[in-house]
Amino acid sequence: MTLLTPDRAGGRPSPGTDPALGLAPLTTELGVLFGGDYNPEQWDPSVWREDVRLMRQAGVNLVTVGVFSWSRYEPQPGVRDFAWMDEVLDLLHAHGVAVDLATPTASPPPWLGKLYPETLPVDADGVRLGWGSRNQFSPASRIYRERALAITRDLVERYAAHRAVRMWHVGNEFGQVCHGEESAVAFRGWLRERYGSLAALNEAWGTSVWSQHYGRWEEITPPRRAPYHLNPTQVLDFRRYSSDALRSLFREQRDLIREIDPVRPVTTNFMGFFPLVDYWSWAEDLDVVADDAYPDPTDPHAASTSALTHDLMRSLGRGRPWVLMEQAAGAVSWRPHNLTKSPGRSRLESLQAVARGADAICFFQWRAATKGPERFHSAMLPHAGPETRAHQGVRRLGADLARLRPVVGSRVGARVAILFDWPSWWASQGEALPTDRLDALAQLRSWYRPLWEDGVAVDVARPGQDLSGYDVVLAPQLYLLTEPAADTLREHVGRGGTLVLGPFGGVADESAHVRTGRFPALLRDVVGVSGEEWVPLPDDGAEVVWTAGPPGPLGEPSRAPAGTPDASSSRSGSFRAEVLGELLRSEGAEVLASFRGGHLDGAPAITRHRRPGLGAAWYVGTVPPQDALADVLRQAIAEAGVEGAAPAVRLPGVEVVRRGDALFVLNHGRGTVRVRVEDLLPGSSSALPRHPGSEVVDLLTGLPPAAGEVVLAADDAVVLIERNS
């Protein structure tokens with residue numbers, strides 16, 4: 001093995017870095033990181049040598065190794081076989097490829113389930129699941145945890161001093177849930193810590209309803225299959241517990257790694273807006289935030305959806321660079337009908353991630369598998385070998401990323417925040433609500449889309465966090481709202497900021513109990529409107545009429561946002577609201593649009609509340625169609641003085657993002673587009689600074705745009721930056 005030279009007692013490697021610095025030490029050395037999952041255990045050693053040769057040619061400088069290697073390391077209980085990994089790591093290091101070494105604990109070997117069936121998870125129907133796949137463990141299982149820590153300790157002690165290892169990767173895609181007896185015991189312990197007493201739990205769970213009062217802790221179980229609706233607070237708390245159980249599992253292994261190797265950063269791979277884990281609660285536990293992203297090629301809004309997810313990852317890390325840990329080079333193998341994507345589309349999606357803060361671009365996986373469930377999942381090196389369109393695209397991307405070294409470590413600055421909260425999402429998607437059609441994640445994406453189209457940078461924020469750095473805060477759907485979180489929104493408007501609040505917000509407290517009085521109970525004074533009834537709308541919706549174009553600054557006539565149709569013309573008619581309306585009345589807010597006809601006739605649908613010396617609070621009390629929603633959001637953002645990265649550029653499918661000193665322009669459309677450089681560099685409000693004796697060049701080519709114009713074919717991109725001429 002190739003070892004680091006010890007410099008102190010205990011044989012630890014020379015520090016040279018601090019895990020809290022995240023990717024910085026590695027990217028300072030290597031530039032943008034490029035690679036993917038590598039599974040050498042699936043191949044003969046003769047293939048390993050071909051792999052490292054081809055990796056070097058493709059510009060690969062980072063691979064994740066060992067994610068699913070437990071049964072290879074430990075073929076029988078207590079037996080260890082690390083010799084093969086010794087050879088793999090030496091090969092990778094010799095060819096200049098850094099390693100993100102994984103603990104293999106996501107997929108226990110079959111012998112664990114056979115010898116200890118209690119380690120296997122139990123579903124909500126009480127059925128114990130088997131082995132033969134992956135993820136076959138209960139997070140609460142004491143035996144599983146002991147075995148996982150044992151193999152992790154031996155792995156880390158063996159390789160903590162290996163020169164190839166530059167980062168640690170705990171488990172894989174945490175998302176396991178168990179309803180079994182050992183989980184029930186752990187759930188009760190979690191509840192004791194949360195509530196302190198059965199009396200407090202009974203109050204929080206509202207157990208006076210349906211005779212659910214608990215007299216002993218042992219009576220409490222995870223929410224299992226029942227004859228009718230389950231207790232909503234019990235379900236919500238079990239989701240909180242399940243996320244925390246996985247977090248404690250991650251932290252056990254992370255802490256063990258840090259005990260042995262305090263030098264290298266530790267990560268695990270998130271999965272975007274994944275419904276089973278609250279990533280806000282995990283974010284501070286990771287030295288580096290990493291994500292797995294698999295946008296659906298059939299989704300017409302895939303580009304904006306991916307951008308939102310990338311913004312989430314950047315925000316989870318407080319703006320620090322993050323890792324795109326997995327994506328597909330072509331098709332996946334787990335959808336019913338797996339459309340592929342071209343190498344050009346794959347390149348564009350990778351550049352989009354860099355534009356939004358990623359300093360590492362990786363794929364699943366390096367070499368396409370020939371066996372197992374993922375044998376038809378695309379890879380950087382396909383079954384047909386290196387002389388293929390797909391692999392040539394990978395090589396092109398590797399060269400592109402090497403040219404993007406100047407953006408490494410830089411950040412994306414945002415003046416707009418969009419709020420998202422996992423417990424609120426969970427609670428809003430439960431049973432026995434006014435409607436099951438109000439999808440919180442769909443709301444989030446539809447509110448984000450106009451900002452993406454306009455090149456407005458956005459951070460994703462957690463309700464209750466400090467909002468002082470933002471001019472505009474969007475809250476598409478905050479079903480659960482705590483008093484501290486409401487206070488931050490009130491303070492934001494009090495400082496002169498703009499708030500836009502969506503429907504069915506501020507309905508319930510953190511126990512999912514409905515707040516009494518007119519809604520939104522905690523923010524009535526802020527939004528200047530209150531409601532008395534939530535009204536699900538018929539399938540054909542309800543008519544909403546614009547009362548007038550929203551006025552501009554106090555006492556001035558209407559002003560349309562730059563680059564948009566005149567507000568008075570775009571809002572002179574009506575639209576059909578969908579899913580849900582609210583029976584509201586104004587309490588000082590301007591009524592911009594009202595319902596016409598039916599149960600909600602005359603009720604405000606969209607309002608704005610502004611007071612001298614304070615900010616503005618907009619209220620959207622329904623689900624408008626996308627174009628009407630976009631009009632409202634654009635007006636609110638324009639009045640707050642916020643512009644996109646290049647306000648003169650608004651072309652369908654064209655994404656403009658500023659990261660540090662670089663301006664990314666990406667064409668997600670199907671045709672060629674032309675953009676004047678002067679529209680990207682509009683004088684005093686320029687997206688890029690301009691200085692005498694300098695020129696703007698495209699980092700991907702090293703050349704300035706020809707004839708003052710950027711010409712982008714479909715799936716193409718430029719990265720403009722100013723350089724001394």
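Note that the structure is predicted; figures quoted are calculated from it, not measured.

1. A short note on unusual backbone geometry
Then, in step 1: Each neighbour pair has its own omega, and for phenylalanine 364 with glutamine 365 the value is -5 degrees, a cis peptide bond.
Then, in step 2: Here glutamine 365 shows up in the loop between strand E9 (358-363) and helix H13 (389-403).
Then, in step 3: Here the residue pair phenylalanine 519 and proline 520 is connected by a cis peptide bond, since its omega of -5 degrees sits within 30 degrees of zero.
Then, in step 4: With respect to the helices and strands, the residue proline 520 is situated in the loop between strand E13 (498-501) and helix H17 (524-527).
Then, in step 5: Its identity is not glycine, yet alanine 432 carries a phi of approximately 60 degrees, on the positive side.
Then, in step 6: Along the polypeptide, alanine 432 turns up in the loop between helix H14 (422-428) and helix H15 (440-453).

2. Things to note about the sheet that holds strand E8 (residues 322-326)
Then, in step 1: Reading across the sheet, the nine strands line up as E5-E4-E3-E2-E1-E9-E8-E7-E6 and stay open at both edges, with parallel pairing between neighbours. Of all the strands in the sheet, just strand E5 (266-267) and strand E6 (269-270) have a single pairing partner and so form its edges.

3. What to know about the packing of helix H7 (residues 181-195) against helix H8 (residues 198-205)
Then, in step 1: Orientation of H7 relative to H8, taken along the N-to-C sense of each, is 95 degrees, at an axis distance of 9 Å. By the angle between their axes, H7 is roughly perpendicular relative to H8. Here Phe187, Leu191 and Tyr195 of H7 come into contact with H8, specifically with Ala200, Leu201, Ala204 and Trp205.
Then, in step 2: Looking at the contact of H7 with H8 residue by residue, the class counts come to seven nonpolar, no polar and no charged.

4. Here's the deal with the packing of helix H6 (residues 142-159) against helix H9 (residues 232-260)
Then, in step 1: Their axes nearest at 10 Å, the elements H6 and H9 cross at an angle of 30 degrees. In this view, H6 runs roughly parallel relative to H9, as classed from their interaxial angle. Of the two elements, H6 crosses H9, and the hand of that crossing is right-handed. Every residue of H9 that contacts H6 at Tyr144, Arg145, Ala148, Leu149, Thr152, Arg153, Val156 and Glu157 is listed here: Ala245, Ser248, Leu249, Glu252, Gln253, Leu256, Ile257, Glu259 and Ile260.
Then, in step 2: Residues of the contact of H6 with H9, tallied by class, amount to nine nonpolar, three polar and five charged.

5. Things to note about the sheet that holds strand E24 (residues 694-698)
Then, in step 1: Read across the sheet, four strands follow the order E21-E22-E26-E24 without closing on themselves; strand pairing throughout is antiparallel. The sheet terminates laterally at strand E21 (654-659) and E24, the two strands that pair on one side only. Strand-to-strand, the axes of this sheet are offset by a mean angle of 20 degrees, without reference to chain direction.
Then, in step 2: Of the strand pairs in this sheet, strand E22 (residues 662-667) and strand E26 (residues 717-724) are connected by four bridges, and their pairing is antiparallel. Across the sheet, residue leucine 663 finds its bridge partner in E26, namely leucine 720.

6. Considerations on the side chain of serine 428
Then, in step 1: As for its position among the elements, serine 428 is in helix H14.
Then, in step 2: Looking at serine 428, the relative accessible area reads 5%, which means it is buried.
Then, in step 3: Residue contacts for serine 428: discarding those within four places in its chain leaves Leu433, Ala440, Gln477 and Tyr479.

7. So, a nonpolar patch on the surface
Then, in step 1: Judged by side-chain polarity, Val209, Trp210 and Tyr228 come together as a nonpolar surface patch covering roughly 380 Å² of accessible area.
Then, in step 2: Among the secondary structure elements, tyrosine 228 is positioned in the loop between H8 and H9.
Then, in step 3: Residue tyrosine 228 is classed as exposed on the basis of its relative accessible area, which comes to 56%.

8. Examining the environment of isoleucine 606
Then, in step 1: Mapping isoleucine 606 onto the fold places it in strand E18 (residues 604-610).
Then, in step 2: Isoleucine 606 gets classed as buried once you look at its relative accessible area, which sits at 1%.
Then, in step 3: When the C-alpha positions of isoleucine 606 and serine 306 are compared, they lie 29 Å apart, and in sequence the two are 300 residues distant.
Then, in step 4: With residues near it in sequence (within four places) discarded, isoleucine 606 still touches Trp546, Phe575, Glu590, Val591, Leu592, Ala593, Tyr619, Val620 and Val632.

9. Quick look at the pattern of salt bridges
Then, in step 1: In this structure the tally under the stated criterion is 55 salt bridges.
Then, in step 2: In this structure, aspartate 86 and arginine 158 form a salt bridge, with 2.7 Å as the shortest nitrogen-oxygen distance. Of this pair, aspartate 86 sits in helix H4 (residues 83-94) while arginine 158 is found in helix H6, placing the two residues 72 residues apart along the sequence.
Then, in step 3: On the basis of relative accessible area, aspartate 86 is assigned to the buried category, the value being 12%.
Then, in step 4: Of the charged contacts, one joins aspartate 471 and arginine 415 as a salt bridge, the two residues approaching to 2.4 Å between their closest N and O atoms. With aspartate 471 in the loop between strand E11 (458-461) and strand E12 (472-475) and arginine 415 in the loop between H13 and strand E10 (416-419), this pair connects stretches of sequence that are 56 residues apart.
Then, in step 5: Owing to a relative accessible area of 38%, arginine 415 belongs among the partly exposed residues under this scheme.
Then, in step 6: Linked through salt bridges whose partners overlap, the residues forming this network are Arg247, Arg251, Arg254, Asp255 and Asp285.

10. Here's the deal with the confidence of the model for the protein chain
Then, in step 1: For the protein chain, per-residue confidence averages 93 on the pLDDT scale, and 92% of positions sit at 70 or higher.
Then, in step 2: Low pLDDT, under 50, characterises residues 5-16; the predicted model gives this stretch 23 contacts beyond four residues in sequence or across chains.

11. Quick look at the packing of aromatic side chains
Then, in step 1: Counted according to the given criterion, the structure contains 29 aromatic pairs.
Then, in step 2: Ring geometry for phenylalanine 137 against tyrosine 144: centres 4.2 Å apart, planes inclined by 5 degrees, an arrangement best described as stacked. Like tyrosine 144, phenylalanine 137 is buried.
Then, in step 3: Taken together, a centroid distance of 3.8 Å and an interplanar angle of 15 degrees make the contact between phenylalanine 270 and tyrosine 279 stacked.

12. A few points about H13
Then, in step 1: With 15 residues, H13 extends 21 Å between its outermost C-alpha atoms, agreeing within 8% with the 21 Å of an ideal straight helix rising 1.5 Å per residue.
Then, in step 2: Those residues of H13 that fall on the buried side of the exposure criterion are His391, Gly393, Val394, Leu397, Gly398, Asp400 and Leu401.
Then, in step 3: Its buried side turned inward, H13 meets strand E1 (33-38), helix H2 (45-58), helix H12 (343-355) and E9.

Procedures and definitions
- Residues numbered from 1 in each chain as written.
- Predicted model: local features only at pLDDT ≥ 70, side-chain atom pairs only at ≥ 80, totals over all residues.
- Heavy atoms only, no water.
- Helix = DSSP H or I, 4+ residues; strand = E, 2+ residues; numbered from the N terminus.
- Pairing = 2+ DSSP bridges.
- Axes fitted to C-alpha atoms, helices over the stretch in contact; angles between N-to-C directions.
- Parallel < 35°, antiparallel > 145°, perpendicular 65-115°, else oblique.
- Contact = heavy atoms within 4.5 Å.
- Nonpolar A, V, L, I, M, F, W, Y, C, P; charged D, E, K, R; others polar.
- Left-handed = near helix turned anticlockwise from the far one by under 90°.
- Buried < 20%, exposed > 50% of the residue type's maximum accessible area, 1.4 Å probe, protein only.
- Patch = residues over 30% accessible without salt bridge, like charges linked within 9 Å, V, L, I, M, F, W, Y side chains within 5 Å.
- Areas by Shrake-Rupley, 256 points an atom, 1.4 Å probe, with all protein chains shown as cover.
- Salt bridge = Lys/Arg side-chain N within 4 Å of Asp/Glu carboxyl O.
- pLDDT = per-residue confidence, 0-100.
- Phe/Tyr/Trp six-rings, centres within 6.5 Å; stacked < 30°, edge-to-face > 60°.
- Expected span 1.5 Å × (residues − 1).

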